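Reading the structure
Each chain, letter by letter, is given below.
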Amino acid sequence: MKSASTSSCWRAVGSGFAVAAACLPAALPVSAATAAADADAEQEMPAVQVKASAARPPEGVTMAPTQARTTVTETTLRQRQPDSVFQVMDEVPGVTVQGGPRNSGMGFNIRGYSDNEDVRIELDGVVKGFEKYRFGGTFIEPELLKSIEVRRGAQVESAGALGGTVSATTRDARDMLRTGQQWGARARIGHATNNDERQAMVAVYGRPTEATDTVLAFTRRTGGNIKLAGGDTLPLSEVDMGSGLAKASWWVNDAWRLSASWIRYRDQGLQAYDTFSGTMGTGTTPMAQVGTFGQVQRRIDDDTVSMQALWSDEAAGHEWQTTLGRSLTRVQDHFEPGWSVFSLSTEVDDDVHQTHLTLDSRLRWQLLGRPSNPSMASSGTLGQQLALRAGLQAGHSDRAAERVTGNAALNQALYRDGYNPAQPPGTRDTRGTFLQLDWRLGRMQVLPGVRWDQIASTVHGANADLLKAAGEPDTVRYTEVSPSLTLSYALVPERWTVFATTAQSFRPPLLDEAFMRAGYGVCNNNALLRMGTGTTPRVPGYAPGAQVAPSTGICSNAFVPETSEGFEAGVHTRQVDLFGPRSTAQAKLTVFFNRTEHLLESLMAEPGGSGRLIQPGWERRRGIELETSVGWAQWRTRLAASRLRGRQFDGLFESDLVGVPGDRVHLSFGRQHPWGEWGLRWQQVWARRYYVDTARTQVAEAPGYRLLGASLTWRLNPTWETTLTADNLADASYRLDNGLSGALGTAGPGRNVRISLSARY
């Protein structure tokens, strides 16, 4: 049998937010009064009266005291009933949704970084990601999750994440079973008024033995077009998708735990090809309503398999965890003639599938001191602890792409053997390792770290043959070393802490960026010379008609990785009983500065006429983030706010950084009752600037907006529960941040009320 302390340890580790949750204890005050016994009376046991307050509502969102890390827990996921993981990102400062509102068109924007490789996506520890033109590529069903952790900025544990990391963790049986239950089941049906969406979920779970845990769950969503504010609809935004989860865990003994999960996602239907920006026209044909890229019959299949091993020596403070997994995403597009610029006179079929293999092994070894003892930093006692964190990571990505049209002559001329040179197939291999010391001396904590990465990307097929014929390699390799340092000091133990972090990161070009061959993009003569609308190059030193683009039309040898160096500092406070007995208040203020060099999209000919290709572009960001939470008795309130500003240089001109998210504040509060709970939300987003023209010379402002939301949960009895959630209650008109960073963006959804009925056995 496992000890109670060991079981608690596994529960904390499995939750995915143990560090943040450890900073939010909810102590229950208990008082006892004993009646005095009469000296002459017969001896009897004293009467004891115990008074205890009801359990405080669980945290819906938690924050790490000294790191830019926020976790959205199952409490918020259950209350808000989101149909995508993006809908709860307003709870996290510095994070917005890019693109959308179609699920297949949404992406994460963290501190102004939004490219596919800028934000690392993980599901049960397995790296996700999909590379396709004008496409989002993050497919995770929130109904299957118990937490979503967002880490902002570069981290020594992750490679290439300039913006940060989003890590989702699926449910376990022990998270859903009631006290004393061995087996359980849940079912839920729901309806959304905006697009008449119907949703259903069924799950069975249990602990077959004391050492095992298993979950089997399925979800299904179907609905019509999304309604915009005022009653208009967003064309081709119907919903038809389903997901499944199979997960099992085994505690081999007190130290070892093994687990495996399989997550499946399916989506299909008639959709806009450009789901990422989804520009709408004013015409009446389907093509005009969704922009020049038109519509497509699309099928999305996404599977993630994760196997994890965790060893923990709680007494000594040692821990080792390894994740081995595979993610496979396949997107099949079918165009009928006239549906798109790709199929003006003939049908077209695209088939793109991408596989990621992940190996991630991490070790924490206590070198000095015992972490099981009370925290020396918290107590203010002068003492010392020293731990080593180390990691070994490897990955392999394989992308295959095929395009076939109904015209044999067109296939022979442009897509021979199904090969599309604008989206070539290829592979990427990554290897990385990191070391970090965790030294605690009294109230001070010092975490120096360093990361080493090696990445190799290889193109296959016709583009590779062109490169070889020109005497150029079909593989590009990059090696990067990224140091980091974090300092924190407890000004007042367990009350006030100041912290600062500096870290470096990098982003290599994607396969499409490095090896694409097409008339658009940065690797063509007009783009490299910044021709604009005239015939004279804007890059000084070149005559009209100058040729600087490589003969292959592929610029892989010219690219160098983007590099980023960031600094952030802040203060965190935790106050107990500040607003009365049984109250806990937390607040964290963070300011950050970031420098990004060698922007990939700034590739151009070197001024002066040398013909050499360089990446002189840079961006400078500065921002501020605020998180607060207050819990008092059965009340809970939270505030998240962020502001971002910056400058940019494209190689010729310096200007303000345009296209970054507008300033925003999100405020929520609610109360728990014996019969259920309720909550209200308010979000204010201020104006942001965007480019009016494709040349990015004219700027306009997208107006700010205000969104109101509410939720109500009523527990009819221990078995039945109904939940009502409302988004955009005032039916406000607004524009989402554009997925291509700079344009106006798609109109956001109008008022939506979701109602569900759940049964739990």
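Conventions and cut-offs
Within each chain, residues carry numbers counting from 1 in the order of the written sequence. With the structure being a predicted model, the display of local features is reserved for residues of pLDDT at least 70 and the display and counting of side-chain atom pairs for 80 or more, all residues being used for whole-chain, interface and lining totals. Side-chain measures here rest on the full set of heavy atoms in the structure, leaving out hydrogens and waters. Numbered from the N terminus, helices here are DSSP runs of H or I no shorter than four residues, and strands are runs of E no shorter than two. Throughout, exposure labels follow a simple rule: accessible area from a 1.4 Å probe, protein chains only, divided by the maximum for the residue type, with under 20% read as buried, over 50% as exposed, and the rest as partly exposed. The Shrake-Rupley method, run with a 1.4 Å probe, gives the accessible areas here. Residue values count only the displayed protein chains as cover. Disulfide assignment relies on a single distance test, namely cysteine sulfur atoms paired within 2.5 Å. Nonpolar side chains (Val, Leu, Ile, Met, Phe, Trp, Tyr) within 5 Å and like charges within 9 Å form the patches, drawn only from residues with over 30% relative accessible area and no salt bridge. A pairing counts as a salt bridge when a side-chain nitrogen of Lys or Arg comes within 4 Å of a carboxyl oxygen of Asp or Glu. Paired strands, as defined in this entry, are two strands with at least two bridges between them according to DSSP. A pair of Phe, Tyr and Trp rings is counted when the ring centres sit within 6.5 Å of each other, with Trp represented by its six-membered ring. The angle between the planes then sorts it: under 30 degrees is stacked, over 60 is edge-to-face, the rest tilted. We call a charge positioned over a ring when the NZ of a Lys or the CZ of an Arg lies within 6 Å of the ring centre and within 35 degrees of the ring normal.

What to know about the overall build of the protein chain
A count of helical and extended segments in the protein chain gives 10 helices and 39 strands. Counting across all 761 residues of the protein chain, residues that qualify as buried make up 53%. Accessible surface computed for the protein chain: about 32,500 Å², of which carbon and sulfur atoms make up 59%.

Topic: the state of the cysteines
For the structure on display, the rule yields 1 disulfide. With its sulfur 1.9 Å from that of its partner, C523 forms a disulfide with C555. Between C523 and C555 the disulfide shows an S-S torsion of about 80°. By sign, it is right-handed. Taken together, the positions of C523 in the loop between α9 (511–515) and α10 (525–528) and C555 in the loop between α10 and β26 (562–576) put the pair 32 residues apart, joining distant regions of the chain. Accessibility expressed as a relative area gives 11% for C523, which makes it buried.

Topic: a nonpolar patch on the surface
A contiguous nonpolar patch, built from I189, W675, L712, W714, L716, W720, L724, I755, L757 and Y761 and spanning about 950 Å² of accessible area, is present on the exposed surface. Elements represented by at least two residues in the nonpolar patch include exactly β37 (705–715), β38 (720–727) and β39 (752–760). Mapping W714 onto the fold places it in strand β37. Owing to a relative accessible area of 46%, W714 belongs among the partly exposed residues under this scheme.

Points about the pairing of β26
Relative to β26, strand β25 (residues 496–507) runs antiparallel, the two being bridged by 12 bridges. Paired with Q504 across the two strands is E565, which belongs to β26. When β26 meets strand β27 (residues 583–597), the two strands line up antiparallel, connected through 14 bridges. Bridging from a neighbouring strand, R574 pairs with Q586 of β27.

Let's talk about the packing of aromatic side chains
Evaluation of the coordinates by the stated rule reveals 13 aromatic pairs. Summarising the aromatic geometry, the rings of F669 and W678 are spaced 6.1 Å apart at their centres and angled 85° between planes, so their arrangement reads as edge-to-face. Sitting over the face of the ring of F592, R111 holds its NZ or CZ atom 4.1 Å from the ring centroid. One cation-aromatic arrangement involves R621 over Y113; the distance from NZ or CZ to the ring centre is 3.8 Å.

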